[in-house]
Amino acid sequence: MMHTSKRYVVTGLRGQVVQCLLENASRRSDVEIIPLGRPELDLAAPRTIAATVESARPDLIVSAAAFTWVDLAEADPETAFAVNSEGPAELARVATALQIPIVHLSTDYVFDGGKPIPYVESDPVAPLGVYGRSKLMGEQNVAAATEHHAILRTAWVYSPFGRNFLRTMLKIAETKEGVRVVDDQIGNPTSAIDIANAVIAVGQNLLTSNEPALRGIFHTAGTGSASWADFADEMFRISAANGGPSAKVIRIPASEYPTPAQRPANSQLNCSKLHKCHGIVMPDWQVSVEYVVKRALHADDLENEKFGR
Ligand SMILES: NC(=O)c1ccc[n+]([C@@H]2O[C@H](COP(=O)([O-])OP(=O)(O)OC[C@H]3O[C@@H](n4cnc5c(N)ncnc54)[C@H](OP(=O)(O)O)[C@@H]3O)[C@@H](O)[C@H]2O)c1
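Presented here is an overview of the structure given in this document. Along each chain, residues carry numbers from 1 onward, in the same order as the chain's sequence is written. With the structure being a predicted model, the display of local features is reserved for residues of pLDDT at least 70 and the display and counting of side-chain atom pairs for 80 or more, all residues being used for whole-chain, interface and lining totals. The side-chain quantities take in all heavy atoms of the structure and omit both hydrogens and water.

Regarding the nonpolar core
The biggest cluster of nonpolar side chains holds 90 residues, and the ones touching the most others in it are Leu21, Val53, Leu166, Phe231, Phe236 and Val289. Only heavy atoms matter for contacts: two residues are in contact if any of them lie within 4.5 Å across the pair. Excluding its chain neighbours within four sequence positions, the residues that come into contact with Val289 are Tyr158, Leu166, Phe231, Glu234, Met235 and Ile238. Working definition of a nonpolar core: buried Ala, Val, Leu, Ile, Met, Phe, Trp, Tyr and Cys residues. They are joined through side-chain atoms within 4.5 Å. Exposure categories follow from relative accessible area, calculated using a 1.4 Å probe and restricted to protein chains: below 20% of the type maximum is buried, above 50% is exposed, and the middle band is partly exposed.

The following block contains the structure:
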């Protein structure tokens, strides 16, 4: 039989989703992940994009890289918009030229958080900060450049890799007895492992069918909601049960933890469309947190070694 492995070219090298895509693909033969990142591909330098992507001979492009520093973006809108809006626009133009689909990752921060129940894809967008605005423009640019796209809006991403809330909390718990955590922002903690599964499945659907229902925006976040404090409590409970560090969660309002960027009070995403159109159900957030905490407890040294941190 012919070798039918599909080449998914992904932006970013060490990003959480990239790492999880690589891990996922290492266990299967039908998908190959080719990560492209700086300096060869720099989203802030659009002229580096087309030739680099084309020479990787993609069957599909995954636009996973972003300027994800939500607070830093307030002080550096130029970089945020270059990386999150212009870079993806160029990627989508390349996808059009190559006549291949693109899966682009976006964020719950396109919403202002004023809705009391989970957001659906057709709800009005109104980002509160530069990061959200730059990601929204990225979505719009991708959709304008090619019809053959799926935009997956995800949220509160954590994984055994890289920089995220879960790893930060576990690190703090090694030295502190208590930690103040915001309790009046509600969202969907989402494991990058689950995002990687969804990206691959959506990609396979786009590669095998031209059905219009497979295209467009899809909310792609962990099932069930939590505040940051609930999320921390749950990870500490699991960590303690597995001999890892834990701390007492002191619940505070966001007003007591001022940050340069304002964040939505409610950014829960309703993911029914993803289920209906792509047949994907995202796992319960607690189930995924348990898996990642256990891995983070045992993998820390390995990851540090791998990334020279
Ligand atoms: N993290 C979250 O909580 C969250 C929430 C909602 C949505 N999202 C979205 O989900 C996607 C994946 O996020 P993530 O958590 O996996 O990201 P991440 O771990 O923060 O990693 C960011 C990635 O972007 C790459 N990158 C940044 N600037 C770049 C540039 N100029 N050129 C090329 N690559 C660049 C980084 O490159 P290096 O590999 O060189 O470091 C890294 O691979 C992003 O689109 C993000 O907006 C994330």
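Some points on the site of the ligand
Taken together, 26 residues lie around the ligand, and Arg14, Asp42, Thr68, Tyr131 and Lys135 are the ones closest in. Here Leu13 contributes a backbone N or O atom positioned 2.9 Å from an oxygen atom of the ligand. At 2.6 Å from an oxygen atom of the ligand is found a side-chain nitrogen or oxygen belonging to Thr68. Note on areas: these come from Shrake-Rupley sampling with a 1.4 Å probe, and a residue is covered only by the protein chains present in the view. Here the ligand has 910 Å² of accessible area as a free molecule, and 86% of this is covered by the chains. Only DSSP runs of H or I reaching four residues or more are called helices, and only runs of E reaching two or more are called strands; each is numbered from the N terminus. Of all the elements in the fold, those that place two or more residues in the shell around the ligand are helix 1 (16-25), strand 4 (102-107) and helix 5 (130-145). No other element matches the three residues that strand 4 contributes to the shell around the ligand. Looking at the shell around the ligand, its residues break down into 14 nonpolar, seven polar and five charged. Throughout, the term near means that a residue has one or more heavy atoms lying within 4 Å of the molecule or strand in question. Distance and chemistry together define a polar contact, namely a pair of N or O atoms within 3.5 Å, with one atom able to donate a hydrogen and the other to accept it when in protein, and with adjacent residues in sequence counting only for side-chain atoms on both sides. Any residue that is not Ala, Val, Leu, Ile, Met, Phe, Trp, Tyr, Cys, Pro, Asp, Glu, Lys or Arg is counted as polar, Gly included; the first ten are nonpolar and the last four charged.

Points about empty space enclosed by the protein
For each structure, a 1 Å grid was placed over the protein atoms alone; sets of points admitting a 1.4 Å probe that cannot get out are labelled cavities, open sets with protein on both sides within 12 Å along at least five of seven lines are labelled pockets, and lining residues have an atom within 4 Å of a point. Grid points are joined across faces, edges and corners, and a volume is the space filled by probe spheres set on the points. Tallying each qualifying case throughout the model produces two cavities of 30 Å³ or more. In this structure, the largest cavity occupies an estimated 60 Å³ of space. Ranked by residues supplied to the lining of the largest cavity, first place goes to helix 5 with three residues. Among the residues making up the lining of the largest cavity, the classes are represented as seven nonpolar, three polar and one charged. In this structure, the second largest cavity occupies an estimated 30 Å³ of space. Along the walls of the second largest cavity sit Cys20, Glu23, Asn24, Arg27, Ile193, Ala196 and Asn197, which together make up its complete lining. Mapped onto the lining of the second largest cavity, the elements with two or more residues apiece are helix 1 and helix 7 (192-208).

Side note on the pattern of salt bridges
Any carboxyl oxygen of Asp or Glu that lies within 4 Å of a side-chain nitrogen of Lys or Arg is treated as forming a salt bridge with it. A complete count under the given rule lists 14 salt bridges for this structure. For the salt bridge of Asp71 with Arg263, the shortest nitrogen-to-oxygen distance reads 3.0 Å. Of this pair, Asp71 sits in the loop between strand 3 (60-63) and helix 3 (72-75) while Arg263 sits in the loop between strand 12 (248-252) and helix 9 (272-278), and the two are 192 residues apart along the sequence. Connected via shared salt-bridge partners are Asp183, Asp230, Asp233 and Arg251.

Overview of helix 5
In a regular helix each residue adds 1.5 Å, so 16 residues correspond to 22 Å; helix 5 covers 22 Å between its end C-alpha atoms and thus fits that length. Buried within helix 5 are the following residues: Val130, Tyr131, Gly132, Ser134, Lys135, Leu136, Gly138, Glu139 and Val142. Here the buried face of helix 5 lies against helix 3, helix 4 (77-98), strand 4, strand 5 (149-154) and strand 10 (216-219). The length a helix should cover is 1.5 Å for every residue beyond the first.

So, the sheet that holds strand 10
With parallel pairing, the six strands of this open sheet are ordered in space as 2-1-3-4-5-10. This sheet does not close on itself; its edge strands, each paired only once, are strand 2 (31-36) and strand 10. Between one strand axis and the next, the sheet turns by 25° as a mean value, whatever way the strands run. Here, a strand pair is defined by DSSP locating no fewer than two bridges between the strands. Note that strand 1 (residues 6-11) and strand 3 share three bridges and pair parallel. The residue of strand 3 that forms the bridge with Val9 is Ile61. Interaxial angle, 0 to 180 degrees, is taken between N-to-C directions of lines fitted to C-alpha atoms, where a helix line uses only the stretch in contact. Running at roughly 145° to strand 4, helix 7 makes contact with strand 1, strand 2, strand 3, strand 4 and strand 5 of the sheet.

Observations concerning the packing of aromatic side chains
Any pair of Phe, Tyr and Trp rings, taking the six-membered ring for Trp, is counted once the centres come within 6.5 Å. Such a pair is stacked with planes under 30 degrees apart, edge-to-face with planes over 60 apart, and tilted for the rest. In the structure shown here, the tally under the stated rule is eight aromatic pairs. Plain terms: the ring middles of Phe165 and Phe231 are 5.3 Å apart, the flat faces sit at 35° to each other, and that makes the pair tilted. Taken together, the residues span a long stretch of sequence, with Phe165 in helix 6 (residues 165-175) and Phe231 in helix 8 (residues 228-241) at a distance of 66 residues. Counting every residue linked through ring pairs, the aromatic cluster contains Trp156, Tyr158, Phe165, Trp228, Phe231 and Trp285.

Re helix 7
Helix length check: helix 7 (17 residues) gives 24 Å between terminal C-alpha atoms against 24 Å at 1.5 Å per residue, within 8%. Between a side-chain oxygen at the N-terminus of helix 7 and the backbone nitrogen of Ile193 the separation is 3.1 Å; the capping residue is Ser191.

Remarks on the packing of helix 6 against helix 8
Their axes nearest at 10 Å, the elements helix 6 and helix 8 cross at an angle of 60°. Our classification of the angle between helix 6 and helix 8 gives oblique. Helix 6 and helix 8 meet at a crossing whose hand is right-handed. Touching Phe165, Leu166, Met169, Leu170 and Ala173 of helix 6 are Trp228, Phe231, Ala232, Met235, Phe236 and Ser239, all from helix 8. Class assignment of the residues belonging to the contact of helix 6 with helix 8 gives a composition of ten nonpolar, one polar and no charged. Between 65 and 115 degrees an angle is taken as roughly perpendicular, under 35 as roughly parallel, over 145 as roughly antiparallel, and anywhere else as oblique. Each helix crossing is assigned a hand: it is left-handed if the near helix lies turned anticlockwise from the far helix by less than a right angle, otherwise right-handed if that turn is clockwise.

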